[in-house]
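Results of the structural survey
Okay, here's what each chain looks like letter by letter:
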Amino acid sequence: MAGMKLAEMQGEKQGAKEEEEEEDEIGFEEMGLDPRLLRAIAKRKLLKPTPIQTKAIPLILEGKDVVARAKTGSGKTLAYLLPLVHKILGDTGGTASYDGPRAFVLVPTRELCQQVHDDVRSLFEHCGGSLKVVQLTTNMSVQTLTAAMAGPPDVVVATPARISVCIQNEILQPSALQHSLSTLVLDEADLLLSYGYEDDLRKLAPHIPRRCQCLLMSATSSPDVEKLKKLVLHNPVILTLMEDAADESIVPKSVQQFMVKCRNEDKLLHTLALLRFELVQKKCLIFVNTVDKGFRLKLFLEQFGIKSAVLNGELPQNSRIHILKEFNVGLFDHLIATDDGKSSQPVNDEPKDENEPEEDVSAEKRIRKNKKKRFVDAEFGVVRGVDFKNVRTVINFDMPLTPAGYVHRIGRTGRAGNSGLSISLVSPKEEGMLSLVEDLLGGDSEKSSSNKSITAFPLLNRAAVESLRYRAEDVSRGVTKIAIREARAKELRMEILNSDRLKAHFEDNPTDLELLKHDKVLSKRQPAVHLQTVPEYLRDPSTEAASRQIRIARAVIGEKLTNFRRRKLKKAGKEDPLKTFSAKPKRRRDGSDATGGFNKKKKVGGQGVPKKKHHNKKR
Ligand SMILES: Nc1ncnc2c1ncn2[C@@H]1O[C@H](COP(=O)(O)OP(=O)(O)OP(=O)(O)O)[C@@H](O)[C@H]1O
């Protein structure tokens, strides 16, 4: 029954989305946007502005400074990009040149930088090709930065630190900015200071012309946003928009929030049960707090045939960007992302994983280990602003280190009004953070459990969890610290190899980039066959029924199957750019997915997925 309830709820969410759209809102056409931008919007099939766009775009077009707070996934990026590009087109007709950039879009992470850059570039493609956007990244040398800023570009997307470097090295002339800069955007504004960019912003502030329009966007507010307002907002008119004044919740209604309370040492077991019994919908984004935990979870799951990719700040930038792109096109269904809530810490200083057995490390070993410190890229981050596509489930394997981190993590699902689901695995030590999150969400700790924002997940019962305990504990014993370290080093080596060796190749053959698979098995131990499925005697009937309902809900919601991309790649018959990797997306005849999930469709009532008749046409 619980499964049906959840399914109905998800269906209702979808229904609620349709009702919202009936609201009488002005369309993009009535906003007075440049026709070339209307063409770009039509190309993206965006039928109606989202509420935040309806409110923010006219105000920004009037030249007002806007502080926009709106839910995650509510379309804030276009809410500022559309009027920004309209302004550039209007001022110069898209042709005249300036001696400096017209707009800065400052973001806290490398991944968001890439995403916003791509968004601007796709808008420019409809504006006659004379406009130029560049992104400045951490690994760009002064020479590369100089080349990128030559021209100059019309829009610069960067972290504040990169802009600082350009000013310090006189790549950006403050005098030029006084004349050219007309728009400054601080996206994920509240995070910019906590990522340690305050000094950079203070250095930049004096060079921002008084007439420059400033926009601050974020889903969460903080005292830092107040600091930023004073720092960069000159025009006194500031408008803080909540998407819906009546609805103070900062998490979209389309996201159902659940939790499972369990011991820390049982988190692997509970994650396995959720994925193995298909009690959650794919694609799945799983957040962990340390890189080691990410690899431990990956090695553990792959022993059960559940493949996943890991994403963390240790990986080279272009590998990280590529993993995100592959995940978004649906080449794999499970992504394990590290969100340590901090920015640049030596990896070995990561918070201790409380249930990892202490390793007795002698002094000289410890010194040697410290010498091998690897640094996480200070600008890595996929929790904020990154527009994951079709993520149906976010799992907090670890609770985040801040309540705001929780909001942004689960904001990776339920985007643009789609439905989503989050499940947080809460150990006894994390109950404090859970209540802080409840407070932030406006849940009253005295509230009855039925009114809480985060409720117990109804579909995972004890019998189902216990049925997997023996296997899970047996496998997790095999995932030792040494195995994790070896897997981590192997992944890093391979990604560095790929990113260096293939950079030139991918520039010439961008579609080949799609073929590089990031969810390859890292374990030395081959997954045992008997672990790939759950034998009949271990299956719990109510869990089976719930799993069936989840699949029905997915069909009801009309999930666009992401394996369209897989079919497209397969049809392209693209060669694998890497000789050593089997890049062809693995597909099985019975249509089961690449995660090795046992294909229950075949089992239900014997009506399996009808095998496609392969007519070998003789040519
Ligand atoms: N008017 C629209 N109609 C439908 N979808 C839209 C519209 N505007 C934007 N989107 C889509 O909504 C998704 C989320 O947009 P965006 O990333 O800008 O959200 P956001 O508010 O910035 O989220 P976050 O708080 O996580 O940064 C994107 O896939 C975007 O293409």
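For every chain, the first residue of the written sequence is number 1, and numbering continues from 1 onward in sequence order. Two thresholds apply to this predicted model, a pLDDT of at least 70 for residue-level local features and 80 or more for giving and counting side-chain atom pairs, whereas whole-chain, interface and lining totals are computed over all residues. The side-chain quantities take in all heavy atoms of the structure and omit both hydrogens and water.

Heads up, the rule is: UniProt positions are given in the numbering used here, feature names are shortened, and annotations may be inferred rather than shown by experiment.
Identification of the protein as RNA helicase from Marchantia polymorpha subsp. ruderalis is taken from an unreviewed UniProt entry. Its UniProt record, at the heading Catalytic activity (unreviewed entry), says of the protein: "ATP + H2O = ADP + phosphate + H(+)". The heading Sequence similarities (unreviewed entry) in the UniProt record of the protein holds the text "Belongs to the DEAD box helicase family. DDX56/DBP9 subfamily."

**Some remarks on the environment of I336**
Counted only if it meets this: Secondary structure follows DSSP: runs of H or I at least 4 residues long count as helices, runs of E at least 2 residues long count as strands, and numbering of each begins at the N terminus. In this scheme, a residue with accessible area under 20% of its type's maximum is buried, one over 50% is exposed, and one in between is partly exposed, where area comes from a 1.4 Å probe on protein chains only. Working rule for contacts: check all heavy atoms of both residues, and any pair within 4.5 Å makes them a contact.
Along the chain, I336 falls in strand β11 (residues 334–338). Taking relative accessible area as the criterion, I336 reaches 1% and is therefore assigned buried. With 41 residues separating them in the primary sequence, I336 and F295 have C-alpha atoms 8.4 Å apart. The residues touching I336, leaving out its near neighbours within four places in the chain, are I286, V288, G294, L297, K298, S308, A309, V310 and L311.

**Comments concerning helix α17 (residues 462–478)**
Which entries qualify depends on this criterion: Take the number of residues in a helix, subtract one, and multiply by 1.5 Å to get its expected span. The seven residues ending at a residue and the seven starting there each receive a fitted axis; the angle between those axes is the bend at that residue. Identification of polar contacts relies on pairs of N or O atoms within 3.5 Å, with a donor-acceptor requirement for protein atoms, meaning one able to donate a hydrogen and the other able to accept it, and with residues adjacent in sequence counted only if both atoms are side-chain atoms.
Its 17 residues give α17 an end-to-end C-alpha distance of 24 Å, which sits within 8% of 24 Å, the value for a rise of 1.5 Å per residue. Along α17, the sharpest change in direction is near 45 degrees and occurs at R469. Of the residues making up α17, those classed as buried are A464, V465, S467, L468, R469, R471, A472 and V475. At the N-terminal boundary of α17, the capping side chain belongs to N461, with an oxygen 3.1 Å from the backbone nitrogen of A463.

**Focus on the nonpolar core**
The condition is simple: Throughout, nonpolar core names a set of buried Ala, Val, Leu, Ile, Met, Phe, Trp, Tyr and Cys residues whose side chains join them through atoms within 4.5 Å.
One finds L274, F300, I423 and F457 to be the most contacted residues of the largest nonpolar core, which totals 48 residues. Taken together, the elements giving at least two residues each to this core come down to β8 (255–261), α11 (267–276), β9 (284–288), α12 (291–302), β13 (420–426), α17, α18 (481–508) and α20 (541–557). Not counting chain neighbours up to four residues away, the residues in contact with I423 comprise F258, V260, L274, V280, V394, I395, N396 and F457.

**Side note on the UniProt feature "short sequence motif: Q motif" (unreviewed entry) in the protein**
The residues that UniProt annotates with the feature "short sequence motif: Q motif" (unreviewed entry) are residues 26–54. Taken end to end, residues 26–54 has its terminal C-alpha atoms 7 Å apart, with 45% of it in helix and 0% in strand.

**Concerning the pairing of strand β4 (residues 155–158)**
Put simply, the rule reads: Strands qualify as paired when DSSP identifies two bridges or more between them. When the strands point away from the viewer and the path from the first strand over the helix to the second turns clockwise, the crossover is right-handed.
Where burial is concerned, the two faces of β4 agree: the one with V155 and V157 and the one with V156 and A158 are both buried. In the sheet, strand β2 (residues 103–106) pairs with β4 via four bridges, with the strands oriented parallel. Its bridge partner lying in β4, V105 is registered against V157. Note that the unit made of strand β3 (residues 133–136), helix α6 (residues 142–149) and β4 has a crossover that is right-handed.

**Structural notes on the pairing of β2**
Here β2 shows no split at all, with A103 and V105 on one side and F104 and L106 on the other all buried. Relative to strand β5 (residues 183–187), β2 is paired through four bridges, and the arrangement is parallel. Directly across from L106, in β5, lies its bridge partner L186.

**Focus on the side chain of Q114**
You can see Q114 is positioned in helix α5 (residues 110–124). A residue is classified by how much of its surface remains accessible, and Q114, at 12% relative accessible area, is buried. Aside from chain neighbours lying at most four places away, what touches Q114 is Q135, I321 and K325.

**Observations concerning the confidence of the model for the protein**
Here is the rule we go by: The quantity known as pLDDT measures the predictor's confidence residue by residue, on a range of 0 to 100.
Chain-level pLDDT for the protein is 77 on average; 70% of the residues reach the 70-or-more range. When pLDDT is averaged over each helix and strand of the protein, the minimum, 43, is found for helix α22 (residues 600–603) and the maximum, 97, for strand β12 (residues 393–396). Here residues 574–586 is a poorly scored stretch, pLDDT under 50, and it has 35 contacts once near neighbours within four places are set aside; other chains count. Across residues 593–619 the pLDDT falls below 50, and counting only partners more than four positions away or on other chains, this stretch makes 39 contacts in the model. At the level of chain-chain contacts, confidence expressed as ipTM amounts to 0.98, with global pTM at 0.70.

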